[in-house]
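One letter stands for each residue in the lines below.
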Amino acid sequence: MQSLLVALAAICSLKLQSVLGHGRLMDPPARNAMWRFGFPNAVNYNDNELFCGGYAVQWEQNAGKCGVCGDAYHVKTPRPHEAGGEYAKGIISRYYAAGQEIDVEIELTANHYGRFEMFLCPNNNPRREASQECFDRF
């Protein structure tokens, strides 16, 4: 059960506060990129653009806010990459045991500075997205 929690949380675990580049989580495959590996998920040809809508949208329209999975903050919930959205169908891409050390692969398609931070949050409900507060706590 705990491995399910970790796998679910890993799919949408990048904390996106200030997004400057383009990239995608390839291993474990994130919701936006699962289709590239044969998972039965919707195709997202813009899977490297979970950048809060871009600089102007994030900072000028949404006062620096970003959806918990990288979607633009102003988009109606469920946002496309959050639980219940077009790309979040409860598919588990990898399973891990508690305490297991894993390698993570991120593919950068444009580097405009920035960084990656990964957080996990226990969530066993594929219909309800974990909150940013939960990611921050764990």
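Note that residues are indexed from 1 along each chain, following the sequence as it is written. With the structure being a predicted model, the display of local features is reserved for residues of pLDDT at least 70 and the display and counting of side-chain atom pairs for 80 or more, all residues being used for whole-chain, interface and lining totals. Values shown for side chains rest on all heavy atoms present in the structure; no hydrogens or waters enter the calculation.

Novice: Could you give an account of the pattern of salt bridges, with specific residues and numbers?
Specialist: Any carboxyl oxygen of Asp or Glu within 4 Å of a side-chain nitrogen of Lys or Arg constitutes a salt bridge here. A complete count under the given rule lists six salt bridges for this structure. For Glu-107, the salt bridge is made with Arg-24, and the minimal N-O distance between the two is 2.7 Å. Of this pair, Glu-107 sits in strand S2 (residues 105-110) while Arg-24 is found in strand S1 (residues 22-27), placing the two residues 83 residues apart along the sequence. Here's how the labels work: a residue is buried when its accessible area is under 20% of the maximum for its type, exposed when over 50%, partly exposed in between, all with a 1.4 Å probe on protein chains only. Classification of Arg-24 as buried rests on a relative accessible area of 10%. As a salt-bridge pair, Arg-31 and Glu-129 come within 2.7 Å of each other at their nearest N and O atoms. Here Glu-129 lies in the loop between S2 and helix H3 (132-137) and Arg-31 lies in the loop between S1 and helix H2 (55-61), a separation of 98 residues in the sequence. Helix and strand definitions here come from DSSP, where helices need a minimum of 4 consecutive H or I residues and strands a minimum of 2 consecutive E residues; each element is numbered from the N-terminal end.

Novice: Give a detailed account of the side chain of Asp-47, specifying residues and quantitative values.
Specialist: Relative to the assigned elements, Asp-47 resides in the loop between S1 and H2. Under this definition, polar contacts are N or O atom pairs within 3.5 Å; protein pairs additionally need one hydrogen-donor-capable and one acceptor-capable atom, and for neighbouring residues in sequence, both atoms have to be side-chain atoms. Here Arg-24 takes part through its side chain, which lies 2.5 Å from a polar atom of the side chain of Asp-47. Those residues in contact with Asp-47, other than ones at most four positions away along the chain, are Gly-23, Arg-24, Asn-32, Ala-33, Trp-35 and Arg-36. When checking whether two residues touch, look at their non-hydrogen atoms; a contact exists if any pair is within 4.5 Å.

Novice: Let's hear about the pairing of S1: which residues, and what values?
Specialist: Burial runs high along S1: five of the six residues are buried. Sheet analysis places S1 next to S2, joined by five bridges and oriented antiparallel. Bridged to Asp-27 within S2 is Glu-105. By this definition, two strands are paired if DSSP reports at least two bridges between them.

Novice: Please provide a residue-by-residue account of the state of the cysteines, values included.
Specialist: Here, the term disulfide refers to a pair of cysteine sulfur atoms separated by no more than 2.5 Å. By the definition in use, this model includes two disulfides. Shown here is the disulfide that connects Cys-52 with Cys-66, its sulfur atoms set 1.9 Å apart. Classification of the bridge connecting Cys-52 and Cys-66 rests on its S-S torsion, roughly -80°, and on that basis the disulfide is left-handed. Residue Cys-52 is found in the loop between S1 and H2, and its partner Cys-66 is found in the loop between H2 and S2; the two are separated by 14 residues along the sequence. Judged by relative accessible area, Cys-66 falls into the buried class, the value being 15%.

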